[in-house]
Amino acid sequence: MQIKGEMIIGRQAVQGKEGTVKAVDPSLNAQIEPAFGLASASELERACALAWTAFDQYRELPLERRAKFLETIADRIMDLGPALIERAMQETGLPQARLEGERGRTCNQLRLFAKVVRDGRFLTATLDSALPDRQPAPRPDLRLRKIGLGPVAVFGASNFPLAFSVAGGDTASALAAGCPVVVKAHSAHLGTSELVAKAVQKAAIECDMPEGVFSMLIGAGQTIGQNLVAHPHIKAVGFTGSRSGGIALMKTAAARPEPIPVYAEMSSINPVFMLEGALQSNARLPQAFADSLTLGAGQFCTNPGLLLAIDSPALDKFIEGAKAAIEAKNPATMLTPGIHQAYTSGVAKLAAIEGVSLVAQGATTGMTCGAVAALYSTDAANFLAKPDLEGEIFGPCSLLIRCRNEAELVQVAEHVEGQLTAAVHATAADIATARKLLPTLERKAGRILFNGFGTGVEVAHAMVHGGPFPSTSDSRSTSVGASAIDRFLRPVCYQDVPAELLAPELSNDNPLNIARVVNGDLAWNA
Ligand code: NAP
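Source: prediction; values computed, not measured.

S.K.: Explain the overall build of the protein residue by residue, including any values.
M.R.: If you tally the helices and strands in the protein, you get 15 helices and 23 strands. For 526 residues, the compact-globule formula gives about 24 Å, and the C-alpha radius of gyration of the protein, at 25 Å, lands near that figure. In terms of overall dimensions, the protein has a C-alpha envelope of 75 × 65 × 40 Å along the principal axes. Counting every position in the protein, which comprises 526 residues, the buried fraction comes to 58%. A sequence separation of at least 24 residues applies to 76% of the contacts in the protein between residues at least 6 apart. On the protein, roughly 20800 Å² of surface is accessible, and the fraction owed to carbon and sulfur atoms is 54%.

Here is the structure:
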């Protein structure tokens, strides 16, 4: 499929007329053809109006049709074949194997949500029968189900051009919830976005979805992005990116006459606690850390940006091993010249802070937009005294905090901001320390993992990819895994509503045969 520089508004492919922008090949720092037209205010208006019109019809389609639509999107993405991977490689600098894996994850995610839709439990169908003879007052007939919030604005993430972009996790979970989606394409992978948007559009037409169930706009965050979030037809936002971008959108959403939820995934440094037993017995730890640190040029929200350990000869040995492993790492192309610039200046700023010393640096080759891996260290007192040491440096850089004792380790754990993940490396000998850390980690992080690193997020039913601020804007939710659908749903209670007006999931005979709670008990049939 030829890339034409178009966005998608309902069933139309549109070339914006508000100026143009080109994608950039970060490995050459050079523009790539073609030029993409930017959306005007009227194009944004049309996408939002179509989404709003589609909403009532789309959310009441049989669950089977919604599920089939999600699966068809996955099929049409696969139909794009190598052209999609080639364009994504050129626009992001990410290698072929990573992007092929990410395409698989994207399609699996869509299929997982199709399963969630068919299963019907997300509707939370709950029935309380009328008790007309109850004394002193009768009970009415009460039935609860969840419905979609309305059209959702999705901001594609730069670091997952497929799995968290146009047809990624936010889009898949919103569509599964019965919400039309308007995507704001990320300027870091415009051609990739056009290809995927056209695959979604093709699936929508093939599955006879209402026009407006999906649109994708191209334009700057400050204009199109802000206006999209401010638009009265938009009822929720999914975002992955910088802390400043996420906070700007939260403010816009909160300042609307009708405020709406923003699910922003922003900034996390993912502390890794290396306890004494693990340091002594796990000879592979330094290499495993260096591999996780440099995976995808360190451009993962779950990158291990903070290491913590108590001073000991075993820690010195770890440092020796980590130094060798990091020095053997070659630079890798970052996603955009802007992200590369932010990384190099972030590392320089860290290096200049008093009390911070360089432990190891990866090889430098002068590669364009190449991220050089780095490990710095400081002591706990310095870390606790300087808030600047806690900022996310997006890329393969980590800071080791040397603690004097267990109390200091727990104090640093207590001090850090909200995180997506917290990892603990421990053996049976470390259980007492791990037990002391656990309550703190539960308050700080969305996912706690043992003897591993947070990179590599499994798309599954029990996954939580979320956490307290600033890792996300709302710690009650996850953006990865089946529960991500809950972000875009709200409960409605139907009291004494005539049977012929009830949705099938709430009718007495349970024609969908879904799990429901009837008079307080789990039941498949009323
Ligand atoms: P970003 O600058 O936050 O941009 C993400 C998206 O939001 C883009 O579409 C951008 O549009 C839009 N946007 C940004 N600021 C906005 C604002 N004030 N109002 C409305 N829309 C806005 O993130 P990025 O370009 O992906 O990467 C930049 C930095 O973000 C990285 O260096 C890194 O620090 C961080 N980041 C973190 C994660 C993570 O998972 N923790 C992931 C990716 C990036 P335009 O670009 O068109 O303006």
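Read on, since the account is not over.
S.K.: With reference to specific residues and values, describe the site of the ligand.
M.R.: In the vicinity of the ligand there are 24 residues, among which Ser158, Lys184, Ser242, Met266 and Cys301 approach most closely. In this structure, His186 approaches the ligand through a side-chain N or O atom, which is 3.0 Å from an oxygen atom. Contact distances for the ligand include 3.1 Å between an oxygen atom and a backbone N or O atom of Gly221. Out of a free accessible area of 860 Å², the ligand has 83% covered by protein chains. Listing elements by their share of the shell around the ligand, those giving two or more residues are helix H7 (221-230), strand S10 (236-240) and helix H8 (243-255). Classifying every residue of the shell around the ligand by side-chain character gives nine nonpolar, twelve polar and three charged.

S.K.: Run through helix H4 (residues 96-119), naming residues and quoting values.
M.R.: Compared with the 34 Å implied by 1.5 Å per residue over 24 residues, the 34 Å span of H4 between its first and last C-alpha is a close match. Positive backbone phi, at 80°, marks Gly120, one or two positions downstream of H4.

S.K.: How would you sum up the domain arrangement of the protein? Please name residues and give values.
M.R.: You can read the domains of the protein as domain 1 (7-266 + 477-487) and domain 2 (271-450). With centres defined by C-alpha atoms, the gap from domain 1 to domain 2 works out at 33 Å. Domain 1 puts 17 residues into the contact, and the matching count from domain 2 is 16 residues. Across the domain 1 to domain 2 interface the summed buried area is about 1200 Å²; carbon plus sulfur atoms make up 60%. Where domain 1 meets domain 2, there are one salt bridge.

S.K.: Which residues make up unusual backbone geometry, and what values go with them?
M.R.: Each neighbour pair has its own omega, and for Glu33 with Pro34 the value is -5°, a cis peptide bond. Structurally, Pro34 is set in strand S4 (residues 30-37). Across the junction of Gln135 and Pro136, the peptide omega takes the value 5°, indicating a cis bond. In this fold, Pro136 is placed in the loop between strand S5 (126-128) and strand S6 (142-148). The backbone phi angle of Asn270 is positive, close to 50°, even though this residue is not glycine. Within the secondary structure layout, Asn270 lies in the loop between strand S11 (262-265) and strand S12 (271-274). Since its relative accessible area comes to 1%, Asn270 is described here as buried.

Here is what the cut-offs are and how they apply
Residues numbered from 1 in each chain as written. Predicted model: local features only at pLDDT ≥ 70, side-chain atom pairs only at ≥ 80, totals over all residues. Heavy atoms only, no water. Helix = DSSP H or I, 4+ residues; strand = E, 2+ residues; numbered from the N terminus. Rg over C-alpha atoms; globule rule 2.2 N^0.38 Å. Buried < 20%, exposed > 50% of the residue type's maximum accessible area, 1.4 Å probe, protein only. Contact = heavy atoms within 4.5 Å. Areas by Shrake-Rupley, 256 points an atom, 1.4 Å probe, with all protein chains shown as cover. Near = heavy atom within 4 Å. Polar contact = N/O pair within 3.5 Å; in protein donor to acceptor, adjacent residues only side chain to side chain. Nonpolar A, V, L, I, M, F, W, Y, C, P; charged D, E, K, R; others polar. Expected span 1.5 Å × (residues − 1). Domains from an automatic or database assignment. Buried area = accessible area lost by both parts, 1.4 Å probe. Salt bridge = Lys/Arg side-chain N within 4 Å of Asp/Glu carboxyl O.

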